[in-house]
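# Per-entry structural report
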Amino acid sequence: VANAVDFGDVTVKRDELTGLSSPTRGIFAGGSNPTRQSIIEFVTIASKGDAIDFGELTRASGYPCGGGNGTRGIVVAGNTPSVTDFIDQITIASTGNAVDFGGTCALALAYRGGSACTKTRMVFGGGSTTAPSTTVTNRIEFITINSNGNGIDFGDLSIARVSPGGLSDSHGGLGGF
């Protein structure tokens, strides 16, 4: 067991943000301080240092879901301050503003949801369909990361949850599916 070591600082202190990564970069997007933010920033995982500006989301958002396949990063939904159905995409190895993914999430329209990814698919769901967290959902949806379409029904969580954690047994750096 070891203690944590200071890595660096983000460009703007905030909460309610999301994260995603490639084997090289860690990306942080959105959040609040105290208003909603559209900031995207990154760190190089193999070195210590402060975050660097990456670009902007297409809209400011708190509590979005983040994921990707190591090449393309995805930021889904959140609140702006009302709940949104947008899907943004970035190319993780470059910098620049996010662009619209081309589709929307329909069933899992929520913020404070959870997400998990494989190299081909991002699954997201749970969360609250209204702000503040009064209507909790059990819906799950997926997108194919390299497509530009709408979210598709994936089923339901066993119970409705707000702020669920997302995990996957697939990792791009370890040859996952």
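### Re the packing of aromatic side chains
If you walk through the whole model with that rule in mind, you get two aromatic pairs. Between Phe-42 and Phe-54 the ring centres are 6.2 Å apart and the planes differ by 85°, which places this aromatic pair in the edge-to-face class. With Phe-42 in strand 3 (residues 39-44) and Phe-54 in strand 4 (residues 52-56), the pair connects residues that are twelve residues apart, well separated along the chain. One exposure class covers both Phe-42 and Phe-54, and it is buried.

### Observations regarding the environment of Thr-91
Within the secondary structure layout, Thr-91 lies in strand 7 (residues 87-91). On a C-alpha basis, the gap between Thr-91 and Ile-74 in space is 9.0 Å, while along the polypeptide they are 17 residues apart. Excluding its chain neighbours within four sequence positions, the residues that come into contact with Thr-91 are Phe-54 and Thr-71.

### Describing the sheet that holds strand 12 (residues 152-156)
Within the open sheet, the four strands sit side by side as 9-10-11-12. Their pairing is antiparallel. A strand with exactly one partner marks an edge of an open sheet, and here the two such strands are strand 9 (114-117) and strand 12. This sheet shows a mean twist of 25° between the axes of neighbouring strands, independent of strand direction. Note: strand 11 (residues 139-144) against strand 12, four bridges, orientation antiparallel. Bridging across to strand 12, Arg-139 finds its partner in Asp-156.

### Some remarks on the pattern of salt bridges
Inspection of the entire model under this criterion finds two salt bridges. Residue Glu-41 pairs with Arg-14 through a salt bridge whose shortest N-O separation is 2.7 Å. On the criterion of sequence distance, the pair formed by Glu-41 in strand 3 and Arg-14 in the segment before strand 1 (18-21) is long-range, its members being 27 residues apart. Across the pair Glu-16 and Arg-36 runs a salt bridge whose closest N-O atoms are separated by 2.8 Å. Of this pair, Glu-16 sits in the segment before strand 1 while Arg-36 is found in the loop between strand 2 (25-29) and strand 3, placing the two residues 20 residues apart along the sequence. By relative accessible area, Arg-36 is classed as partly exposed at 23%.

### Topic: unusual backbone geometry
Peptide bonds are trans in most cases, and residues, glycine excluded, mostly fall at negative phi. At the junction of Asn-33 and Pro-34, the peptide bond is cis and its omega measures out at -25° in the coordinates. Positive phi, normally seen in glycine, also occurs at Glu-16, with a value near 65°. When its relative accessible area of 18% is taken as the criterion, Glu-16 is described as buried. In this model, Tyr-63 sits at a positive phi of 60°, which is unusual for a non-glycine residue.

### Here's the deal with the sheet that holds strand 8 (residues 99-100)
Sheet strands pair via backbone hydrogen bonds, and the direction of the pair is either parallel or antiparallel. Spatially, four strands are ordered 5-6-7-8 in an open sheet, and the strand pairing comes out antiparallel. Whereas interior strands pair on both sides, the edge strands pair on one side only; in this sheet they are strand 5 (65-68) and strand 8.

### Here's the deal with the state of the cysteines
Tallied over the entire structure, the rule returns zero disulfides. Free of any disulfide, Cys-65 has its nearest cysteine sulfur in Cys-105, 8.4 Å distant. Cys-105 gets classed as buried once you look at its relative accessible area, which sits at 2%.

### Overview of the pairing of strand 9
Residues Gly-114 and Ala-116 of strand 9 are buried on one face, and the alternating residues Ser-115 and Cys-117, pointing to the opposite face, are buried as well. As defined by bridge partners, strand 9 adjoins strand 10 (residues 121-125) across four bridges and the pair is classed as antiparallel. Directly across from Gly-114, in strand 10, lies its bridge partner Gly-125. As consecutive antiparallel partners, strand 9 and strand 10 are separated by three residues.

Cut-offs applied
- Residues numbered from 1 in each chain as written.
- Predicted model: local features only at pLDDT ≥ 70, side-chain atom pairs only at ≥ 80, totals over all residues.
- Heavy atoms only, no water.
- Phe/Tyr/Trp six-rings, centres within 6.5 Å; stacked < 30°, edge-to-face > 60°.
- Helix = DSSP H or I, 4+ residues; strand = E, 2+ residues; numbered from the N terminus.
- Buried < 20%, exposed > 50% of the residue type's maximum accessible area, 1.4 Å probe, protein only.
- Contact = heavy atoms within 4.5 Å.
- Pairing = 2+ DSSP bridges.
- Axes fitted to C-alpha atoms, helices over the stretch in contact; angles between N-to-C directions.
- Salt bridge = Lys/Arg side-chain N within 4 Å of Asp/Glu carboxyl O.
- Disulfide = S-S within 2.5 Å.

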